[in-house]
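Secondary and tertiary structure notes
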Amino acid sequence: MSASRINIAIDGHSSAGKSTMAKSLAKELSFVYVDTGAMYRAAALFCMRERLIQGNEIEESRVEQSMDRMFISFKYNDKSETSDVHLGGVNVEKEIRSMDVARKVSLIAAIPAVRHKLVRLQQRMADKGGVVMDGRDIGTVVLPKAELKFFITSDPDIRAQRRLDELQREGIASSFDEVRNNIIERDRIDSSRAVAPLRQAEDSIVLDNSNLTIEEQFQFLLSHAKKTISSKQ
Ligand code: DC
């Protein structure tokens, strides 16, 4: 891996703005952005379509047996200038953002067989360096040796309002309370699961962005990235 092609891990709470930061950082550095949340969302969609989850009941052994048939990949989208997630070769970027998927995804992401499959894929995507990857366990499990790690958080009310604004821009109907409850519940499940729970890596830089603009956050991350890159050259 060339000296400047470091890997950057961005973890944190739901809807804390990780993907906005990760995307901008990847673009600025000409790195590849990997949205691991999109992969877990695609896995949840797969389980829903295969009827492996009914209500909140999951048949874990069937999920495990079905993993060989679940094909998740990314394809660059020239229009949005980022990669869209594909399930079985079909673009599912819109479906995975629905509240239906948001309600199930933390349950599916807690299944060891699902994590095993997706973590291997994520590690392969980063093995040549030059990746900005966001998620919940990137700095702790997927890329424990990432040269730079951030942990992003902010006040739940602020996160809920930002997420609601985003859903409305995408034409997805919801309410502040529904979005807030979903964010809090996902954080609870993600932080308390047995396998790869959401937690801060000891060597991560923490950013609470409750009172920061997007530009201020971006400059904070970029200055750390530039410092780390130049220290490796
Ligand atoms: O980042 P997101 O909200 O799109 O992630 C969707 C869900 O996937 C989130 O509730 C937790 C799970 N997730 C995970 O368990 N591990 C990751 N690396 C990324 C996401």
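Predicted model only: the values in this text are computed from it and were never measured.

Definitions and limits used
- Residues numbered from 1 in each chain as written.
- Predicted model: local features only at pLDDT ≥ 70, side-chain atom pairs only at ≥ 80, totals over all residues.
- Heavy atoms only, no water.
- Helix = DSSP H or I, 4+ residues; strand = E, 2+ residues; numbered from the N terminus.
- Rg over C-alpha atoms; globule rule 2.2 N^0.38 Å.
- Contact = heavy atoms within 4.5 Å.
- Areas by Shrake-Rupley, 256 points an atom, 1.4 Å probe, with all protein chains shown as cover.
- Lys, Arg positive; Asp, Glu negative; His and termini not counted.
- Charge placed at Lys NZ, Arg CZ, Asp CG, Glu CD.
- Buried < 20%, exposed > 50% of the residue type's maximum accessible area, 1.4 Å probe, protein only.
- Core = buried A, V, L, I, M, F, W, Y, C linked by side-chain atoms within 4.5 Å.
- Phe/Tyr/Trp six-rings, centres within 6.5 Å; stacked < 30°, edge-to-face > 60°.
- Lys NZ or Arg CZ within 6 Å of the ring centre and 35° of its normal.
- Pairing = 2+ DSSP bridges.
- Axes fitted to C-alpha atoms, helices over the stretch in contact; angles between N-to-C directions.
- Parallel < 35°, antiparallel > 145°, perpendicular 65-115°, else oblique.
- Left-handed = near helix turned anticlockwise from the far one by under 90°.
- Nonpolar A, V, L, I, M, F, W, Y, C, P; charged D, E, K, R; others polar.
- Near = heavy atom within 4 Å.
- Polar contact = N/O pair within 3.5 Å; in protein donor to acceptor, adjacent residues only side chain to side chain.

If you tally the helices and strands in the chain, you get nine helices and 10 strands. Over its C-alpha trace the chain gives a radius of gyration of 17 Å, about what one expects of a compact globule, namely 17 Å for 233 residues. Considering only residue pairs separated by 6 or more positions, the chain has 74% of its internal contacts joining residues 24 or more positions apart. Here the chain has roughly 11500 Å² of accessible surface; of this, 49% comes from carbon and sulfur atoms. Once the 35 positive and 34 negative side-chain charges of the chain are each reduced to a mean point, those two points are 3 Å apart.

Glancing now at unusual backbone geometry. Unlike most non-glycine residues, R51 shows phi in positive territory, near 55°. Following the sequence through the fold, R51 ends up in the loop between α2 (36-49) and β3 (53-54). Residue R51 is classed as exposed on the basis of its relative accessible area of 55%.

Our focus in this paragraph is the nonpolar core. Formed by 38 residues in total, the largest nonpolar core has its most connected members in M70, I72, I108, V114, L118 and M133. For this core, the element with the most residues is α2, which contributes nine residues. Not counting residues within four places of it along the chain, the set of residues in contact with I108 comprises A43, A44, C47, I53, I58 and V114. Membership of the second largest hydrophobic core comes to 21 residues, among which are I6, M21, Y33 and L148.

The subject of this paragraph is the packing of aromatic side chains. Within this structure, the stated rule accounts for zero aromatic pairs. The cationic tip of K117 hangs over the ring face of F71; the distance from NZ or CZ to the ring centre is 5.6 Å.

Bringing the sheet that holds strand β7 (residues 90-91) into the picture now. Ordered in space as β5-β6-β7, the three strands form an open sheet in which the pairing is antiparallel. The open sheet has two edge strands with one neighbour each: β5 (72-77) and β7. The pairing of strand β6 (residues 82-87) with β7 spans two bridges and is classified as antiparallel. Residue pairing in the sheet places H86 in a bridge with N91 of β7.

At their nearest, the axes of helix α4 (residues 99-109) and helix α8 (residues 176-192) sit 8 Å apart, and the two run at 20° to each other. Between α4 and α8, the angle is such that the two are roughly parallel. Taken as a pair, α4 and α8 cross one another with a handedness that is left-handed. Residues M99, A102, R103, V105, S106 and L107 of α4 form the contact with α8, whose participating residues are E178, N182, R186, I189 and D190. Across the contact of α4 with α8, the residue classes tally to five nonpolar, two polar and four charged.

All right, on to the site of the ligand then. Among the 15 residues in the neighbourhood of the ligand, the closest are listed as R41, R115, D137, R186 and R193. A distance of 3.1 Å separates an oxygen atom of the ligand from a polar atom in the side chain of S106. Between the ligand and R186, the relevant distance is 2.7 Å, taken from an oxygen atom to a side-chain nitrogen or oxygen of the residue. When isolated, the ligand has an accessible area of 450 Å², and the protein chains bury 95% of it. Of all elements in the fold, only α2, α4 and α8 reach the threshold of two or more residues within the shell around the ligand. Sort the elements by how many residues they give to the shell around the ligand and α2 lands first, with four residues. Split by residue class, the shell around the ligand holds four nonpolar, four polar and seven charged.

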